[in-house]
Amino acid sequence: MKLALKLLIDIIVILFLLGLISCGQDSPFTKNVNTPASYSPIEITKDQILRWSDNNLESGLPLKIASEVADDLNHDEDDVAMEWNNVLPQRTFFALPFPTVTNREKTSLNSYFDDEMGIYKSKNWFSELGPGVLAITQFFGVRRTQGGHEYIEFQHADIIVNYRDYSFSSNMLDATTYDLPSVLLHEMGHFVGLRHEYTTTKSVMWPALRRNVSVRQLYPVDFQHLEDNYDGQEVLPMAVAISTPKTESVQGRFELRADGDCVHFISGQNVGTHHLQ
Ligand SMILES: [Zn+2]
């Protein structure tokens, strides 16, 4: 009798376990990660804060640089990044020195959301982008709210330089090339969350650069914008009502234009400005 009871219990236990296992197999396995396809484009002209979380800025963001770009930069990438690292003493934006890596050339911009954030060169460039773009910074992020205001927290970003249409060097005497330190100083500004500055050309975030012009140091307005972005009293309110879920993922990019005839620098002095088209 005892044996029969034990057998019965064993059978019940086995059936129960089988039931659990089969239930487990029936349950769909969902992997809760965002793919680039699920990211919606963000209109980056709106006055919305774009930034990394402070946790990312304790030891610096792990941005890397393709060795070919570092060569053209005469290996001065750390000096360029230090311009930004020196602005806010309590934060380190870029982990230095930059590791040099093999260049990643991808066929679509979405594919750059991978396991590495890099400064890359592109020899094929991208059909999504119009002509006249020297370089871009592309970011992926999520919407967050703080004090009733919304901002975008970056999760991933890359800087990609257009080597199909332009040539770059760090030689300021070479009139045939664009100044790579100037390009990357600008793009690193986007990388840390700054948008374009349209009101004054005395900013490295002016959205265009001419050949043979170098802007290798931050202006006071650049300091101010970075400070406002990370230490402002409040996150700026959105221009429009929020109708999207707070977890929405977004992507965006900034384009630095080469057709910047609107910026007139002569011997490092700004001698006149026209409005961009
Ligand atoms: Zn730009």
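Just so we're clear, the structure is a prediction, and the values are computed from it rather than from any experiment. (Residues numbered from 1 in each chain as written. Predicted model: local features only at pLDDT ≥ 70, side-chain atom pairs only at ≥ 80, totals over all residues.)

## Considering the pairing of strand β7 (residues 149–162)
With two bridges connecting them, strand β2 (residues 50–51) and β7 associate as parallel partners. The residue bridging Arg 51 from the neighbouring strand is Glu 153, located in β7. One ladder, built from four bridges, connects strand β5 (residues 117–122) with β7; its direction is parallel. Residue pairing across strands places Tyr 120 opposite Ile 160, the latter belonging to β7. When strand β6 (residues 133–146) meets β7, the two strands line up antiparallel, connected through 12 bridges. In the strand pairing of β7, Phe 139 is matched with Ala 157. (Pairing = 2+ DSSP bridges. Helix = DSSP H or I, 4+ residues; strand = E, 2+ residues; numbered from the N terminus.)

## A look at the confidence of the model for the protein chain
Looking at the protein chain, pLDDT values average 80 and 74% of them are 70 or higher. Across residues 13–33 the pLDDT falls below 50, and counting only partners more than four positions away or on other chains, this stretch makes zero contacts in the model. In this model residues 236–245 is a low-confidence stretch, pLDDT under 50, and it forms 12 contacts with partners more than four residues away in sequence or in other chains. (pLDDT = per-residue confidence, 0-100. Contact = placed C-beta atoms within 7 Å.)

## A word on the environment of Ser 122
Tracing the sequence through the fold places Ser 122 in strand β5. Look at Ser 122 and you get buried, because 22 C-beta atoms sit within 10 Å. Spatially, the C-alpha atom of Ser 122 lies 5.4 Å from that of Asn 162, the residues being 40 residues apart in sequence. Residue contacts for Ser 122: discarding those within four places in its chain leaves Glu 105, Ile 160, Val 161, Asn 162, Tyr 163 and Arg 164. (Buried ≥ 20, exposed ≤ 12 C-beta atoms within 10 Å, placed from the backbone.)

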